Amino acid sequence: MTLPGISALILVVLTLVGVAVGRYPWLRMNRATIALVGATALILSGAITLDQAYGALDMNTILLLFAMMVINVNLRLAGFFELVTARVIRLARTPRALLGVLILVSGVLSAIFLNDTIVLMFTPLVLEITRTLRRNPIPYLVGLVSAANIGSTATITGNPQNMIIGIASGIPFTEFTAALAPVALAGLTIAWGVLVLVYRGEFFSVKFDQLPELQPTLYRPLLWKAMLASGLMLMAFILGLPIPLAALAAAALLLITRRLKPQRVFREMDWGLLVFFSGLFIVTGAIETSGLSQRLFAVLQPVAEQGMAALTGVAVVLSNLVSNVPAVLLFRPLVPGFPDPQRTWLTLAMATTLAGNLTLLGSVANLIVAETARSRGVMLSFGEYLKAGVPITVGTLVVGILWMSRWGG
């Protein structure tokens, strides 16, 4: 390998390790700044030119992510997520029922509105509910985040890595959902069963003496408008309109307003996530232009082509080494060379998403729940998470492999 190639490899490894860990020692950097600094260093080193870096940016994915953020912020400001939580409490009469409803709601909403958004909104509410009911919050928190990860498997808009796969593969929204929704539904059932078994003492058959009465603060004009925009967006997805354009149209509709200042919407958005994606696109572009992807392809493809189980295994390992979004970006140039690219894309979406439940570091959603809980005095430790995370991941991956082996056959 030439000196420029070695330099590019070192910069890529340093960037991906930083992204996987989420920080560097003694530096105040997060995943977004690590990705951006790494991308800039690769441009400066000559591993990728500035024009090639521009070309590496997947604007369809970035546009889709931006539009979904606008929609989610409007739903949050309208009180939609508080309203859903109040309905969940009314339906739950026992600990098992509360866990079941929470898992179902988290999974379904994550399939539509991004898993990270759902756990960000619901974690404080779950902590408040369990505190009021004097229940152990840990199994409910694990149920919330594992369901969010599992449910997001079902759609292109469920999580960032699915967005990348949906855009790169060109698979229609309805076909993507038809292929992976059964895996998600089975996975939600597995998650509930595992948690009930692992935390048998918490889910012993008892009824709640008194359920808390939550009074959500609703901004009804915005609520109806946001739900209308979301419904129109889903209808456009089903009709086959370009997914980024359909989402942007829904976001644009919500930005036409007389009362809600646009500064408030933009202030609530996670701009760091867009920076993170932009940096990662450039980093993976540098992997291609420097020839590193060809070497990676030579190692990964023979293993991954051995079948669904082998492909899933490689995806799970990569997802837990460098996180699921970088794993998908590393696979992206390789997938067209597989014998059945569409099945490979769908298996990759399934495996990289479900792999996020393996450990507490497996997905950003997991970290959001753990950090939010810690700030409120509840410690969800790495070891505690593994008790349910490992069996949930193994069970859902087995179901996913079996389903994808038969899908389309």
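Read on for an overview of the structure. Small disclaimer: the values here were computed from a predicted structure and weren't measured.

Re helix H7 (residues 115–133)
For step 1, the next point in the chain: For H7, which comprises 19 residues, the first-to-last C-alpha distance of 26 Å matches the rise-based estimate of 27 Å (1.5 Å per residue) to within 8%.
For step 2, the next point in the chain: Taken from the residues just after H7, Arg-134 is the one with a positive phi, measuring 60°.

A short note on empty space enclosed by the protein
In this approach a probe as big as a water molecule rolls over the atoms, and the regions it shows empty are the leftover space.
For step 1, the next point in the chain: The tally for this structure, following the rule as stated, stands at 2 cavities of 30 Å³ or more.
For step 2, the next point in the chain: Every residue along the wall of the largest cavity is listed here: Thr-85, Val-88, Leu-98, Leu-102, Phe-122, Val-126, Ile-129, Thr-130 and Tyr-140.
For step 3, the next point in the chain: At the level of secondary structure, the elements contributing two or more residues to the lining of the largest cavity comprise helix H5 (80–91), helix H6 (95–113) and H7.
For step 4, the next point in the chain: It is H7 that contributes the most residues to the lining of the largest cavity, 4 residues altogether.

Quick word on the side chain of Glu-202
For step 1, the next point in the chain: Note that Glu-202 resides in the loop between helix H10 (173–198) and helix H11 (220–239).
For step 2, the next point in the chain: Here Glu-202 falls in the buried class, since its relative accessible area comes to 10%.
For step 3, the next point in the chain: For Glu-202, the side chain forms a polar contact with the main-chain nitrogen of Asn-136, separated by 3.3 Å.
For step 4, the next point in the chain: Each residue touching Glu-202, except ones within four places of it in the same chain, is listed here: Pro-95, Arg-135, Asn-136, Pro-139 and Tyr-140.

Re the pattern of salt bridges
For step 1, the next point in the chain: All chains considered together, the criterion is met by 6 salt bridges.
For step 2, the next point in the chain: Linking Arg-76 and Glu-268 is a salt bridge whose minimum nitrogen-to-oxygen distance equals 3.2 Å. In this pair, Arg-76 sits in helix H4 (residues 59–78) while Glu-268 sits in helix H13 (residues 262–268), placing the two residues 192 residues apart along the sequence.
For step 3, the next point in the chain: Judged by relative accessible area, which is 35%, Glu-268 ranks as partly exposed.

Basis of the calculations
- Residues numbered from 1 in each chain as written.
- Predicted model: local features only at pLDDT ≥ 70, side-chain atom pairs only at ≥ 80, totals over all residues.
- Heavy atoms only, no water.
- Helix = DSSP H or I, 4+ residues; strand = E, 2+ residues; numbered from the N terminus.
- Expected span 1.5 Å × (residues − 1).
- 1 Å grid on protein atoms, 1.4 Å probe; cavity = no way out; pocket = protein on both sides within 12 Å on 5 of 7 lines; lining within 4 Å.
- Points joined across faces, edges and corners; volume = space filled by probe spheres on them.
- Buried < 20%, exposed > 50% of the residue type's maximum accessible area, 1.4 Å probe, protein only.
- Polar contact = N/O pair within 3.5 Å; in protein donor to acceptor, adjacent residues only side chain to side chain.
- Contact = heavy atoms within 4.5 Å.
- Salt bridge = Lys/Arg side-chain N within 4 Å of Asp/Glu carboxyl O.

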